[in-house]
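A closer look at the structure
Spelled out, the chains give:
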Amino acid sequence: MQKLYIKHLGPIEECEINIDEFMVCTGPQASGKSTVAKSIFFFKNIKNILFVEYKKKYLLNRHVAESRNVTVKQRFMKEVRANFLQIFGITGSLDGDMFLQYQYTEKKILKVFLEKNKEGLYEVKVDFSKDFNELFEMLENRSKEIHNHPDPILELTEREIKEFFNDKTDVVYIPAGRSMITLLSNQMNYIYSSMDDIQKRNMDYCTRSYLEKILQMKSVFTISPVEMLNDVIAMTYIKIDEERAKESISLMKQLLQGEYINKDGEERLQVSNNRYVKLNYASSGQQEVVWILNVLFYYLLNGESTYFIIEEPESHLFPNSQKLVMEFIALVCNGNGNQLFLTTHSPYILGTINNLLYADKVSRNVDKSELNRIISKNKWLNFDKVNAIFVQNGKIKSCLDKEFKSIENEVIDGASEQINEDYDKMLELKG
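Since we're looking at a predicted model, the values are computed, not measured.

So, how was this worked out
Residues numbered from 1 in each chain as written. Predicted model: local features only at pLDDT ≥ 70, side-chain atom pairs only at ≥ 80, totals over all residues. Heavy atoms only, no water. Buried < 20%, exposed > 50% of the residue type's maximum accessible area, 1.4 Å probe, protein only. Helix = DSSP H or I, 4+ residues; strand = E, 2+ residues; numbered from the N terminus. Pairing = 2+ DSSP bridges. Disulfide = S-S within 2.5 Å. Phe/Tyr/Trp six-rings, centres within 6.5 Å; stacked < 30°, edge-to-face > 60°. Lys NZ or Arg CZ within 6 Å of the ring centre and 35° of its normal. Patch = residues over 30% accessible without salt bridge, like charges linked within 9 Å, V, L, I, M, F, W, Y side chains within 5 Å. Areas by Shrake-Rupley, 256 points an atom, 1.4 Å probe, with all protein chains shown as cover. Salt bridge = Lys/Arg side-chain N within 4 Å of Asp/Glu carboxyl O. Lys, Arg positive; Asp, Glu negative; His and termini not counted. Charge placed at Lys NZ, Arg CZ, Asp CG, Glu CD. Axes fitted to C-alpha atoms, helices over the stretch in contact; angles between N-to-C directions. Contact = heavy atoms within 4.5 Å. Parallel < 35°, antiparallel > 145°, perpendicular 65-115°, else oblique. Nonpolar A, V, L, I, M, F, W, Y, C, P; charged D, E, K, R; others polar. Domains from an automatic or database assignment. Buried area = accessible area lost by both parts, 1.4 Å probe.

Turning next to the pairing of strand E7 (residues 170-174). For E7, the tally of buried residues reaches 4 of 5 residues, placing the bulk of the element in the interior. Relative to strand E11 (residues 306-311), E7 runs parallel, the two being bridged by 5 bridges. In the sheet register, Asp170 faces E11, and the bridge partner there is Thr306.

Before going further, it helps to examine the state of the cysteines. As used in these notes, a disulfide is a covalent bond between sulfur atoms, one from each of two cysteines. Taken as a whole, this structure holds 0 disulfides when the rule is applied. Cys15 takes part in no disulfide bond, and the closest cysteine sulfur to it belongs to Cys25, at a distance of 9.1 Å. Unpaired in this structure, Cys399 has its nearest cysteine sulfur neighbour in Cys25, at a distance of 8.4 Å. Cys399 gets classed as buried once you look at its relative accessible area, which sits at 1%.

The next thing to look at is the packing of aromatic side chains. The description of an aromatic ring pair uses the distance of the two centres, along with the angle that the planes make with each other. Scanning the entire structure with this criterion turns up 24 aromatic pairs. Centroid distance Phe132 to Phe136: 6.4 Å. Interplanar angle 45°. Geometry classified as tilted. One end of the pair is Phe132 and the other is Phe136, both in helix H4 (residues 131-143) and 4 residues apart, which spans about a single turn. The pair Phe132 / Phe136 is uniform in exposure class, with both members buried. In this structure an aromatic cluster arises from ring pairing among Phe42, Phe43, Phe76, Phe84, Phe88, Tyr102, Tyr104, Phe128, Phe132, Phe136, Phe164 and Phe165. Of note, Lys108 hangs over the ring of Phe164, and the distance from its end group to the ring centre comes to 4.2 Å. The positively charged end of Arg268 is found above the aromatic ring belonging to Tyr276, 3.9 Å away from the centroid.

A grouping of Asp151, Glu155, Glu158 and Glu304 is seen on the molecular surface, where their side chains present a negatively charged patch. Examined against the element boundaries, Glu158 turns out to sit in helix H5 (residues 150-164). The partly exposed category is assigned to Glu158, whose relative accessible area is 31%.

Across the sheet, which stays open at both edges, the 5 strands sit in the order E2-E1-E4-E5-E6 with antiparallel pairing between neighbours. This sheet does not close on itself; its edge strands, each paired only once, are strand E2 (12-19) and strand E6 (122-128). On average, each strand axis in the sheet is tilted by 10° relative to the strand beside it, whichever way the strands run. Packed onto the sheet, helix H1 (residues 33-44) meets strand E1 (2-9), E2, strand E4 (99-103) and strand E5 (109-116) and runs at close to 125° relative to E1.

The next subject is the environment of Glu21. Within the fold, Glu21 resides in the loop between E2 and strand E3 (22-26). Excluding its chain neighbours within four sequence positions, the residues that come into contact with Glu21 are Gln339, Leu340 and Lys385.

Contact pair helix H3 (residues 72-88) / H4: the axes reach a minimum separation of 8 Å and the direction vectors enclose 120°. Here H3 is positioned oblique relative to H4, judged by the angle of their axes. Contacts between H3 and H4 pair Val72, Lys73 and Phe76 from the former with Asn133, Phe136, Leu139, Glu140 and Ser143 from the latter. Residue classes in the contact of H3 with H4 are distributed as 4 nonpolar, 2 polar and 2 charged.

Domain assignment breaks the chain into domain 1 (2-309) and domain 2 (346-430). Tallying the contact residues gives 24 residues for domain 1 and 20 residues for domain 2. Taking both sides of the interface into account, the surface hidden between domain 1 and domain 2 amounts to around 1,900 Å²; carbon and sulfur atoms contribute 56%. Interface area lost by domain 1 to domain 2 is led by Phe22, Val24 and Thr26, which between them contribute 32%.

Here you go:
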């Protein structure tokens with residue numbers, strides 16, 4: 001099992017977290033939920049950074065002699081430090097005792113911390129277990145090989161890097177505040193393309209990676225989700241769970257009250273055959289949720305395992321829609337070996353997760369076909385694969401009730417209990 005350790009980063013004082021397949025993180029605002037989410041993303045994305053730097057070195061070696069003087073390891077270390085600063089900010093805003101550690105396997109460990117240089121300024125330092133040196137040496141030697149057909153070598157190397165990190169999943173971050181990007185959808189291509197590399201690197205890296213993904217995906221959604229599914233079914237080399245995909249399309253229609261389509265460069269919600277709404281005129285809830293749905297549906301059709309990090313999927317949604325979006329997320333994350341880290345403030349999201357856990361629990365003792373009519377079996381959640389944590393006052397604690405195999409009711413109903421308590425006290429005043 002992979003593990004994350006955080007000390008003195010943002011609001012988090014100290015914590016250790018087991019990285020499970022389906023993780024839910026809740027707690028008050030500004031308590032550190034995003035800090036945990038970004039930390040997981042940072043370490044999950046390390047393997048992609050390493051492959052990109054190896055690929056650059058491999059391709060440049062063939063044409064630029066100067067590149068041979070910079071090793072894969074040096075390129076990797078420089079980019080990891082830069083990536084850390086793009087996610088968490090400049091060193092001057094960080095605690096000098098900040099320390100992060102990620103355990104990919106029992107022996108493969110990566111550490112990030114701050115250390116003062118000769119001028120007395122803090123610098124980001126990266127340290128790793130000895131297994132990494134063997135990997136760097138292998139990549140360095142392979143980068144010097146010349147092949148007439150490099151693609152198979154690059155594909156092999158990417159697979160080997162993923163195996164080294166014991167992680168074959170892609171990592172996708174879906175941040176909070178999505179509606180602003182959606183609202184500016186028609187202008188976003190121009191805004192982003194007009195930025196130079198320095199301006200792009202000054203953006204929060206998690207938001208930038210999300211923005212780049214949806215800009216790339218827009219061209220795929222020029223047809224309806226049903227047509228997209230039919231195209232994938234026709235491609236015999238992609239294995240697709242048709243039942244799960246059709247269920248996801250149904251939920252997307254319910255949540256959006258239509259279908260998303262990018263037609264002639266204009267993002268629309270197609271309400272009927274003859275009527276549509278431009279996406280930037282849609283409701284704030286539709287704007288917030290549309291790219292959660294599109295991104296997850298895209299990766300569902302893609303057929304490859306993905307690690308999704310989703311912040312506050314409930315934003316601007318009516319309670320019933322919060323239930324539906326959580327069911328949609330569970331539906332997608334239960335397929336293809338997908339995994340999830342989700343942050344939320346919503347008791348409706350947490351309550352829906354408990355229903356999905358309970359459905360799996362009682363499935364052993366009731367008529368499964370009847371249960372499936374209430375909640376589709378594709379959404380059921382196995383308690384053994386779920387981890388729920390509560391963040392507050394710089395600490396993290398589990399909020400799973402192991403006896404009832406659910407998220408603790410105190411976490412879900414805490415605010416309601418306080419509201420009811422205040423109401424009861426006011427009633428007492430009348431007496």
